[in-house]
Amino acid sequence: MIFPDYHGGSIANLMSSIALAMGGWETGYLPLGQLDADRLGRVRNLVLLVVDGLGYRHLKERAPESVLFSHCIDSLTSVCPSTTATAIPTFLSGLPPQQHGLTGWFTYFAEVGSIVTVLPYTTRLGRMPIDDRLLNPRQLSGVAPIYDRLAVQSHLVVPDWITGTTFNRAFTGQGRLRPYRGGLQGMFKGIGGAVDAGKGRNFIYAYWPEFDSLSHEYGVASTEVAAHLAALDQAFAELVARLRGTDTQLLVTADHGFVDTTPDRTLRLSAHPELAETLMMPLCGEPRLSFCYVHPDRAGQFERYVTDRLGEAVTLCRSEQLLREGRFGLGVAHPRLRDRIGHYALIMKENYIMTSELPGEKPLSHIGVHGGLSPHEMYVPLISLDCRAC
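For clarity, every value in this text was computed on a predicted model and none was experimentally measured. (Residues numbered from 1 in each chain as written. Predicted model: local features only at pLDDT ≥ 70, side-chain atom pairs only at ≥ 80, totals over all residues. Heavy atoms only, no water.)

A. Layout of the sheet that holds strand β9 (residues 248-253). Read across the open sheet, the seven strands follow the order β2-β18-β9-β1-β8-β6-β7; overall the sheet is mixed. Of all strands in the sheet, those bounded by a partner on one side alone are β2 (72-77) and β7 (176-177). Together, β1 (45-51), β8 (202-208), β9 and β18 (379-386) form the strand contacts of helix α12 (residues 223-243), whose direction differs from that of β9 by roughly 165°. (Pairing = 2+ DSSP bridges. Helix = DSSP H or I, 4+ residues; strand = E, 2+ residues; numbered from the N terminus. Contact = heavy atoms within 4.5 Å. Axes fitted to C-alpha atoms, helices over the stretch in contact; angles between N-to-C directions.)

In structure tokens, the structure reads:
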């Protein structure tokens, strides 16, 4: 298992470097030693492109001759769990789950007695939208957008279908939204437009979701994903040419990587009624790392079942131990973090997943999955390019 390296090798440390360079904000995490702090502190345009799902191992093994990999200076770890719902809030706030308190696609919020799908910002049961006038995502997280803490103009180059979502609005803050459509060309045009438009220093955050979508549907090892990565690399090369000679530092990373699973590696809670009866509520977190809320008088039964019946597929950890060991971050924890990680964590081995479905939910059918602690999921690339001399 690969745990996050919050002491200088994670995406939280990358955000610390950006926060210091573009506003002098100290997040409480060390900046990355791999980046030139003096350069970042002077550059006119600092661009951070997050390619959802692009793992370091995948890029290295599948596209070693790519333009992207040719400028890869290191790998970083994601956060825990290694998933969009915990990592994207890290990019948007500058802080890992220890502080932002969002622990997976399905997070249980004890203060309102509900399991919420964090990014769509709906109830899990029935997927009913939550009125942010009653309960805003910022209230549940308790952290501010990074754009409100920087001393420069911030731009968010994001797909137009994300722009108006409740979660995205909550973490836009003082950033200027630059929604795009038209695929890769639309995104890279948006980045170029932000570089051209800024009069002073600029931080430009860009997000590309399609690598993740295709990996879920077809598998990260599929020909569809390979073709997409080639197209992404070509478009990236064109962006580099477009920015050549400008005072721009271009950084690329990801929120997580992927592994491919198979039906025979899918454990469904419905097939394990003796385990299900020990739980107080549905599984939370991710299919690759589930948080379990266990009846106090059935903890022994729960532990014995997981160890004896599922040991080949699952590593069982007490959630309190993960918290104590700093797996969610460093320093003072979100006041509700213990509520949101349950009593136990089921960390899946190899390419196993565990799922449970509520009424109205379709069984998970993803081929590509993430959220676990394997090297392919946890390591993401750190790509850096000084466009003055590129």
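B. Structural view of the pattern of salt bridges. On inspection of all chains with the given rule, the structure shows 16 salt bridges. The salt bridge involving D247 is made with R39; its shortest N-O contact spans 2.7 Å. Of the two residues, D247 is situated in the loop between α12 and β9 and R39 in helix α2 (residues 37-42); the sequence distance between them amounts to 208 residues. Ionic pairing is found between R181 and D160, a salt bridge with its closest N-O pair at 3.0 Å. Of this pair, R181 sits in the loop between β7 and α10 (183-197) while D160 sits in helix α8 (residues 160-163), and the two are 21 residues apart along the sequence. (Salt bridge = Lys/Arg side-chain N within 4 Å of Asp/Glu carboxyl O.)

C. Up close: the layout of surface pockets. Taken as a whole, the largest pocket spans an internal volume of roughly 1300 Å³. Lining of the largest pocket is provided by 50 residues; of these, W105, P120, R127, H216 and H366 occupy positions nearest its centre. Sorting the residues of the lining of the largest pocket by element identifies α5 (84-93), α8, α9 (166-170), β8, α11 (210-218), β12 (284-286), β16 (353-355) and β17 (368-369) as the ones contributing at least two each. When residues in the lining of the largest pocket are grouped by element, the largest group, four residues, is from α5. (1 Å grid on protein atoms, 1.4 Å probe; cavity = no way out; pocket = protein on both sides within 12 Å on 5 of 7 lines; lining within 4 Å. Points joined across faces, edges and corners; volume = space filled by probe spheres on them.)

D. Local environment of empty space enclosed by the protein. As enumerated under the stated definition, the model contains one cavity of 30 Å³ or more in all. Quantified by volume, the largest cavity comes out at close to 40 Å³. Lining the largest cavity are L102, F109, V116, V118, Y121, P137, L140 and F167. For the lining of the largest cavity, the residue count by class is eight nonpolar, no polar and no charged. (Nonpolar A, V, L, I, M, F, W, Y, C, P; charged D, E, K, R; others polar.)

E. Summary view of the environment of Q321. Take Q321: it is sitting in helix α15 (residues 319-324). Judged by its relative accessible area of 30%, Q321 falls in the partly exposed class. Along the primary structure Q321 and N45 are separated by 276 residues, whereas in three dimensions their C-alpha atoms are 41 Å apart. (Buried < 20%, exposed > 50% of the residue type's maximum accessible area, 1.4 Å probe, protein only.)

F. Just the pairing of strand β6 (residues 153-157), in detail. A large share of β6 lies buried, amounting to four of its five residues. The pairing of β6 with β8 spans five bridges and is parallel. Note that in β8 the partner of L156 across the bridge is Y205. Sheet analysis places β6 next to β7, joined by two bridges and oriented parallel. Considered in β7, the bridge of H155 is made with R176.

G. How the structure looks around the environment of A206. With respect to the element layout, A206 can be found in strand β8. Apart from the residues lying within four places of it in its own chain, the contact partners of A206 are L48, L49, V50, V157 and I191.

H. Representation of unusual backbone geometry within the structure. Along the chain, C80 connects to P81 via a cis peptide bond; the corresponding omega equals -5°. Relative to the elements of secondary structure, P81 occurs in the loop between β2 and α5. Of note, the phi angle at Y121 is positive, near 55°, even though the residue is not glycine. Within the secondary structure, Y121 is located in the loop between β4 (114-117) and β5 (122-123).

I. Structural context of α10. Given a rise of 1.5 Å per residue, 15 residues ought to cover 21 Å, and the 21 Å separating the end C-alpha atoms of α10 matches this to within 8%. Within the span of α10, buried status applies to L184, G186, M187, F188, G190, I191, G192, A194 and V195. (Expected span 1.5 Å × (residues − 1).)

J. Spotlight on the packing of aromatic side chains. Per the counting criterion, the structure on display carries eight aromatic pairs. Relative to F203, the ring of Y147 lies with its centre 6.4 Å away and its plane at 25°, an arrangement referred to as stacked. Linking Y147 in the loop between α7 (137-141) and β6 with F203 in strand β8, this pair joins segments that are 56 residues apart in sequence. Of the two residues, Y147 and F203, neither departs from the other in class, the shared state being buried. Plain terms: the ring middles of F291 and F328 are 6.3 Å apart, the flat faces sit at 50° to each other, and that makes the pair tilted. (Phe/Tyr/Trp six-rings, centres within 6.5 Å; stacked < 30°, edge-to-face > 60°.)

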